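# Topology and contacts: notes
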Amino acid sequence: MTARDREKETRRGLQDGGDDMTLRSPRGGYSPSTATRRKLGPPTATTKFRPPTARRTLVDRSRLLHSPGDQWRRLILIHAPAGFGKTTLATQWCRTLEARGAVWTWLSVDPDDNNPVWFLAHLIEAIQKVKPALAIGLAEILEENGEEAERYVLTSLINQIHENGEHLAVVLDDWHAVTSPQTVSAVEYLLDYGCHHLTLIVTSRSRSGLPLGRMRMHDELIEISASELRFSVDETQKFLAAAGAAELSDRDAESLCSTTDGWVAALQLASLSLRDKGDAAELISHLSGHHRAIAGYLTENVLSNLDRRILDFMLAISITDRICGSLAGALSGIAHGQLLLEDLERKDLFLYALDEERRWFRFHHLFADFLRRRLERDYPGRTTELHRRAQAWFSENGMLREAVHHALAAGDENHAVSLVERFGTDIIEHSQMATLLGLVNKLPAGPVAASPRLQIDLAWAHVLLHHPIKPLGSVFDTFDAALANQPLSNDEREALSLEAALVKDIEAAFADRMPELGESAERCLEKAEKLRPFVVAAAANVATFRAFYRCDFTGARKWQDWVQPYFRQMTGPFSEVYGHCLAGMAAQEQLDINAAEWHFRTALRVALQGQGGATSHAARLAGAVLGDLLYEKGEIEEAEKLLDDSYKLGPEGGLVHFMLATYGTGARIKLLHNDVDAAQRCLDEGARIAQTLSLPRLAARIENEEVRARLHVGELPAPADGSANDSEIAVLTGELALDSALRKAIQVGSPEQRDAACRRAAALVRELEKAQRPRALLKAQLLHATCLQAVGQTAEADAVLAPAARQCTELGLVQLLRDDGPPS
């Protein structure tokens, strides 16, 4: 979505009345990911969320910390070339705003934030470091739904910050690392539509990627450039004194300030050389030329004075963005890596602690660049070996993103691909689809296209993220070619082919296209001993789905009894939750209400035990079907809470059956509370999703709810007569359309149309008496009684209603009786 698209959408979402800064989040919401016990995605260590720890007193730069008119501004941009003290000034701005009552947090941006999903996930985590109550569940939503959740997450974040009422300052350090239009667009959205409670403090080497014109026009910008950041003579003297350098005369200080152009990185390097130089004037006289020449000269002087062992250690650890003792030892071969890191920090050799525990460190980025260039110049072969060691360490420590990065840096593309192949299936098991897609995008296209395993994992991701059929078809075409060209055993080839067919069938199931559902599940189950538990569990769920929609409810429940041992072999709860939901749906159709509720509550309990808890995708799936059942039992309060949570699943809400509950029953509860606006929003969102995803059954349910609530406008198309060739889904869709037509007829139809409605309702009851569908029959009997009462046939209505009402009462379905039966 472009910035212009967002602007249009958001303007439509501005709420009428009240505070006009409250944005309306997309009503469908997005789904959080399934819980994980081991996160293989981008690491979110505290190193990314804290400014470097100062080792000495900072030079006071109060001259750069004023806001015109002493008013809050929404953007503070600090831009200059490398080494101008942008990060340090951002830290001082944080302290200044804190003194005025703001809360601040920190996010160090790196190239991986070009992935907009990862950037937003990092932003959410940074905010939650200081405001744990904000943005709850949004990170999980991103993990499950990827870029499709961007607008929902941004809008929700803005609304929550505004409603919280406390001023929040967010530092985006090293913003120049981002070149992705999508990530830039996300920050533009925050600035364009964020309220006065949010200030972004951005440090960058350029002015690009920010809506500076609009911010300046609205007087919402404080801009600090290199010219303001340059140290004055007085600041230079204070800086050198704090660094422990020899005291300079005013003339020498002025000369040094002029020669370095106030560049703090050069001053830092100069301070180290000045410690041991007797003639400061001579040293300063040799400092001339472009900044790079100055930095190169000073670095050579600093490095040449180091012990060879220390220099080798620094060169070895320079290849990673962050370093800890264990990683330093693996790279350098020195046992006491942590001690050496602390020693470098103590000696001010450009190494900064990134946390109070001093576990993680990083070099000043400029100094790290010089070390890397030195390493490549003097030991070119060693660089490749060091990247291999880094890859091995990150792999062993579960940091897949960085492991892939260093494998690629080592020139080992095949190993990078094998890493994602090895861990990709685990990522899929935990429904971390956005992470998988981000990692695959880092890999070279050729090896990815040649890997049938990666193509299958990509297919899973596209299906579970509800991506359009076109890219999914492309993935399957690539898979077929890769499978044909790989030297695999017959068993391996068969397993991959079976899994690919299963993914295709799951896509058809999610899209409600029963005629396209093949026999892949049955074939997978026949070969269960040769397949991964995740594949067997998914196949059993597909078999359950097929049996359910063929009205073989007993068979559906048997499949779930059979698959239980496979669920126990899995680390994530997603498949088991789905299985219990499907079993509960079957029990509900059989009017085995106690068993249905047990399955639904078990599904919810299993989901809640996962890392995502109540905000996880699995929990909200279970909540949709449980809420639907509880509503029919009259337990409105709990049902409403569960369905409100499931509303956040949006178009990624899984099978259509779950969406029927979320949008149909969810709207009905809002009407029960006389909240017509909320009900209409829920119905509108359901209708939008039905149109976007081409889901006729969901559209029919939305129309049915509108008819029941007398919100429907216009004529209804005549319901088509059923055909023996109709698919199971088509039959269910037709029954919803028929229910709508009959209820509309008794509301506004002529006497002849009402009489016809009674006859058609009676025919429906006779049809269902021959089927094995107890719940559908009960609802048809209630509809028949309603039609009879509407035409004044009270005695006949009572006769039809009595046994149905008695059955509802015995089962505890009090609200079903109220809704579907004649008005009392």
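Residues numbered from 1 in each chain as written. Predicted model: local features only at pLDDT ≥ 70, side-chain atom pairs only at ≥ 80, totals over all residues. Heavy atoms only, no water.

### Looking at the pairing of strand E4 (residues 198-204)
The test is simple: Partly exposed residues are those whose accessible area sits between 20% and 50% of the maximum for their type, while under 20% is buried and over 50% is exposed, using a 1.4 Å probe and protein chains only. Helix and strand assignments come from DSSP, with helices taken as H or I runs of at least 4 residues and strands as E runs of at least 2, each series counted from the N terminus. At least two DSSP bridges between two strands are required for those strands to pair. Crossovers are described as right-handed under a simple rule: with the strands pointing away from the observer, the path leading from the first strand over the helix to the second runs clockwise.
Among the seven residues of E4, seven are classified as buried, and the element is accordingly described as predominantly covered. Neither face of E4 is exposed, since Leu 198, Leu 200, Val 202 and Ser 204 on one face and Thr 199, Ile 201 and Thr 203 on the opposite face are all buried. The sheet contact formed by strand E1 (residues 75-79) and E4 spans five bridges and is parallel. Bridging across to E4, Ile 78 finds its partner in Thr 203. Alignment of strand E3 (residues 168-173) against E4, held across five bridges, turns out to be parallel. Following the sheet pairing, Leu 172 is matched in E4 by Val 202. Considered for its hand, the β-α-β crossover made up of E3, helix H6 (residues 181-193) and E4 is right-handed.

### Examining the packing of helix H3 (residues 116-130) against H6
Put simply, the rule reads: Axes here mean lines fitted to C-alpha atoms, for a helix over just the part in contact, with angles spanning 0 to 180 degrees between N-to-C directions. Relative orientations are named as follows: roughly parallel for angles under 35 degrees, roughly antiparallel for angles over 145 degrees, roughly perpendicular for angles from 65 to 115 degrees, and oblique for any other angle. Crossing handedness is defined as follows: a turn of the near helix away from the far one that is anticlockwise and smaller than a right angle gives a left-handed crossing, while the clockwise case is right-handed. Note on contacts: a residue pair is in contact if any heavy atoms of the two residues lie within 4.5 Å. Polarity classes work like this: nonpolar for Ala, Val, Leu, Ile, Met, Phe, Trp, Tyr, Cys and Pro, charged for Asp, Glu, Lys and Arg, and polar for all others, with Gly in that last group.
The N-to-C vectors of H3 and H6 enclose an angle of 40 degrees; their axes lie 8 Å apart at closest approach. The angle between H3 and H6 places the two elements in the oblique class. Of the two possible hands of crossing, H3 and H6 adopt the one that is right-handed. Contacts from Pro 116, Phe 119, Leu 120 and Leu 123 of H3 reach H6 at Gln 182, Thr 183, Ala 186, Val 187 and Leu 190. Looking at the contact of H3 with H6, its residues break down into seven nonpolar, two polar and no charged.

### Some remarks on helix H32 (residues 636-646)
Because each turn of an α-helix spans 3.6 residues, side chains separated by three or four positions in sequence point in the same direction. Among the residues of H32, Ile 636, Ala 639, Glu 640, Leu 642, Leu 643, Asp 645 and Ser 646 are the ones counted as buried. Contact partners of the buried residues in H32: helix H30 (593-608), helix H31 (617-632), helix H33 (656-672) and helix H40 (814-820).

### Overview of the sheet that holds E1
Sheet architecture is open: five strands sit in the order E2-E3-E4-E1-E5, paired in parallel fashion. Across the chains shown, the open sheet's two edge strands, defined by having one partner strand only, are strand E2 (103-108) and strand E5 (221-224). Mean inter-strand twist for the sheet, computed between neighbouring axes without regard to direction, equals 15 degrees. Across the face of the sheet, H3 comes into contact with E2 and E3 while running at roughly 145 degrees to E2.

### Things to note about the pattern of salt bridges
Short version of the rule: Within this document, salt bridges are pairs made up of a side-chain nitrogen of Lys or Arg and a carboxyl oxygen of Asp or Glu, the two lying within 4 Å of each other.
Tallied over the entire structure, the rule returns 53 salt bridges. Ionic pairing is found between Arg 308 and Asp 312, a salt bridge with its closest N-O pair at 3.4 Å. One end of the pair is Arg 308 and the other is Asp 312, both in helix H14 (residues 308-317) and four residues apart, which spans about a single turn. Judged by relative accessible area, which is 23%, Asp 312 ranks as partly exposed.

### Things to note about the nonpolar core
Put simply, the rule is: Buried Ala, Val, Leu, Ile, Met, Phe, Trp, Tyr and Cys residues form a nonpolar core when they are joined through side-chain atoms within 4.5 Å.
Core analysis: the largest hydrophobic core is formed by 192 residues, its most contacted members being Leu 172, Trp 175, Trp 460 and Leu 502. Considering every element that reaches this core, the biggest residue donor is helix H27 (residues 533-549), with 13 residues. Discounting chain neighbours no more than four positions away, the residues touching Trp 460 are Ile 428, Glu 499, Leu 502, Val 503, Ile 506, Phe 534 and Ala 538. Core analysis: the second largest hydrophobic core is formed by 23 residues, Phe 84, Ala 102, Trp 106 and Leu 229 among them.

### Points about the side chain of Glu 706
For clarity, the cut-off: Two residue types count as positive, namely Lys and Arg, and two as negative, namely Asp and Glu; His and chain ends fall outside the count.
For Glu 706, the position within the fold is in helix H35 (residues 696-708). Here Glu 706 occupies a buried position and makes no salt bridge, while the nearest side chain of opposite charge, Lys 744, is found at 8.5 Å. Among residues more than four places away in sequence, those in contact with Glu 706 are Gln 680, Leu 683, Leu 711 and His 712.

### Some remarks on the packing of H30 against H31
Between H30 and H31, whose axes approach to 8 Å, the crossing angle comes to 155 degrees. Taken together, the axis directions place H30 and H31 in an arrangement best described as roughly antiparallel. The chirality of how H30 crosses H31 is left-handed. Of the residues in H31, those in contact with Ile 593, Ala 596, Glu 597, Phe 600, Arg 601, Ala 603, Leu 604, Ala 607 and Leu 608 of H30 are Ala 618, Ala 619, Ala 622, Val 625, Leu 626, Leu 629 and Leu 630. For the contact of H30 with H31, the residue count by class is 14 nonpolar, no polar and two charged.

### Let's talk about the environment of Arg 546
The residue Arg 546 is located in helix H27 in this model. What makes Arg 546 buried here is its relative accessible area of 4%. C-alpha of Arg 546 to C-alpha of Met 514: the two residues are 32 residues apart in sequence and 8.2 Å apart in space. Beyond its immediate stretch of four places on either side in the chain, Arg 546 contacts Leu 517, Gly 518, Glu 519 and Glu 522.

### So, the sheet that holds strand E6 (residues 323-324)
Here we have three strands laid out as an open sheet, ordered E6-E8-E7, and antiparallel in their pairing. A single partner strand is all that each edge strand has here, and the edge strands are E6 and strand E7 (351-353). Note that E6 and strand E8 (residues 360-363) share two bridges and pair antiparallel. Opposite Ile 323, over in E8, you have Phe 361 as the bridge partner.

### As for the environment of Ser 520
Considering the arrangement of structural elements, one finds Ser 520 in helix H26 (residues 520-526). Considering only alpha carbons, one finds Ser 520 and Glu 499, 21 residues apart in sequence, at a separation of 8.1 Å. The residues contacting Ser 520, other than those within four sequence positions of it, are Ala 501, Leu 502 and Asp 505.

### Regarding helix H29 (residues 574-589)
Under the convention used in this document: Multiplying one less than the number of residues by 1.5 Å gives the expected span of a helix.
Over its 16 residues, H29 runs 23 Å from end to end, which matches the ideal 22 Å to within 8%, given 1.5 Å per residue. Leu 591 sits one or two residues past H29 and shows a positive phi near 65 degrees.

### Details of the packing of aromatic side chains
Inclusion rule: Centre distance within 6.5 Å is the pairing criterion for rings of Phe, Tyr and Trp, where only the six-membered ring of Trp is used; planes under 30 degrees apart are then read as stacked, over 60 as edge-to-face, and the remainder as tilted. Look at NZ for Lys and CZ for Arg. If either is within 6 Å of the ring centre and within 35 degrees of the ring normal, a charge sits over the ring.
Per the stated rule, a full pass over the model turns up 14 aromatic pairs. Here the aromatic rings of Tyr 189 and Tyr 193 are separated by 4.9 Å at their centres, their planes lie at 55 degrees, and the arrangement is tilted. Placement of both Tyr 189 and Tyr 193 in helix H6 is noted, with a separation of four residues, approximately one turn of the helix. Taken individually, Tyr 189 and Tyr 193 each receive the classification buried, so the pair is uniform in this respect. Through a chain of ring-to-ring contacts, the aromatic side chains of Phe 510, Phe 574, Tyr 578 and Phe 658 assemble into a single cluster. Residue placement shows Arg 382 over the ring face of Tyr 379; its charged tip is 5.8 Å from the ring centre.

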